[in-house]
Amino acid sequence: MNEKMEFVTISVEEYQQLQNDSYMLSCLEACGVDNWGGYSEAMQMFNEEEEDEE
């Protein structure tokens, strides 16, 4: 499979924020956020927004 890699350029600050957000999400998931009553609604909202971007 010869798939062309694509790259983006972002600021160091934005990269650090993305890393921080990713770590925070990992911590929330590890502590059971998926058992929260609004989790499925939030995931549906995320998936709909992701579909709109495609």
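Conventions we followed
Residues numbered from 1 in each chain as written. Predicted model: local features only at pLDDT ≥ 70, side-chain atom pairs only at ≥ 80, totals over all residues. Heavy atoms only, no water. Helix = DSSP H or I, 4+ residues; strand = E, 2+ residues; numbered from the N terminus. Rg over C-alpha atoms; globule rule 2.2 N^0.38 Å. Buried < 20%, exposed > 50% of the residue type's maximum accessible area, 1.4 Å probe, protein only. Patch = residues over 30% accessible without salt bridge, like charges linked within 9 Å, V, L, I, M, F, W, Y side chains within 5 Å. Areas by Shrake-Rupley, 256 points an atom, 1.4 Å probe, with all protein chains shown as cover. Salt bridge = Lys/Arg side-chain N within 4 Å of Asp/Glu carboxyl O. Lys, Arg positive; Asp, Glu negative; His and termini not counted. Charge placed at Lys NZ, Arg CZ, Asp CG, Glu CD. Expected span 1.5 Å × (residues − 1). Contact = heavy atoms within 4.5 Å.

Colleague: Could you give me a rundown of the overall build of the chain, with the residues and numbers involved?
Modeller: Across its full length, the chain carries two helices and zero strands. A compact globule built from 54 residues should have a C-alpha radius of gyration of about 10 Å, whereas the chain, at 15 Å, is more than 25% larger. Its C-alpha atoms put the chain at 40 × 25 × 25 Å along the principal axes. When each of the 54 residues of the chain is scored for burial, the buried share is 2%.

Colleague: Hey, could you go over a negative patch on the surface for me, with residue numbers and the actual values?
Modeller: A grouping of E48, E49, E50, E51, D52 and E53 is seen on the molecular surface, where their side chains present a negatively charged patch. Residue position: E50 is located in helix α2 (residues 39–53). We classify E50 as partly exposed; its relative accessible area is 39%.

Colleague: So, helix α1 (residues 12–30): which residues are in play, and what are the values?
Modeller: With 19 residues, α1 extends 27 Å from end C-alpha to end C-alpha; this agrees with the ideal 27 Å at 1.5 Å per step. With its phi angle positive at about 95 degrees, G32 sits one or two positions after the end of α1.

Colleague: Residues and numbers for a nonpolar patch on the surface, please.
Modeller: A cluster of nonpolar residues, V8, I10, Y15 and L18, forms a patch on the protein surface that exposes about 410 Å² of accessible area. Relative to the helices and strands, I10 is located in the segment before α1.

Colleague: Lay out the environment of D34 with the relevant residues and their values.
Modeller: Relative to the elements of secondary structure, D34 occurs in the loop between α1 and α2. In the structure, D34 is positioned 17 residues away from E51 in sequence and 21 Å away in space, judged by C-alpha atoms. Among residues more than four places away in sequence, those in contact with D34 are E29 and Y39.

Coordinates in, geometry out; function isn't part of it.
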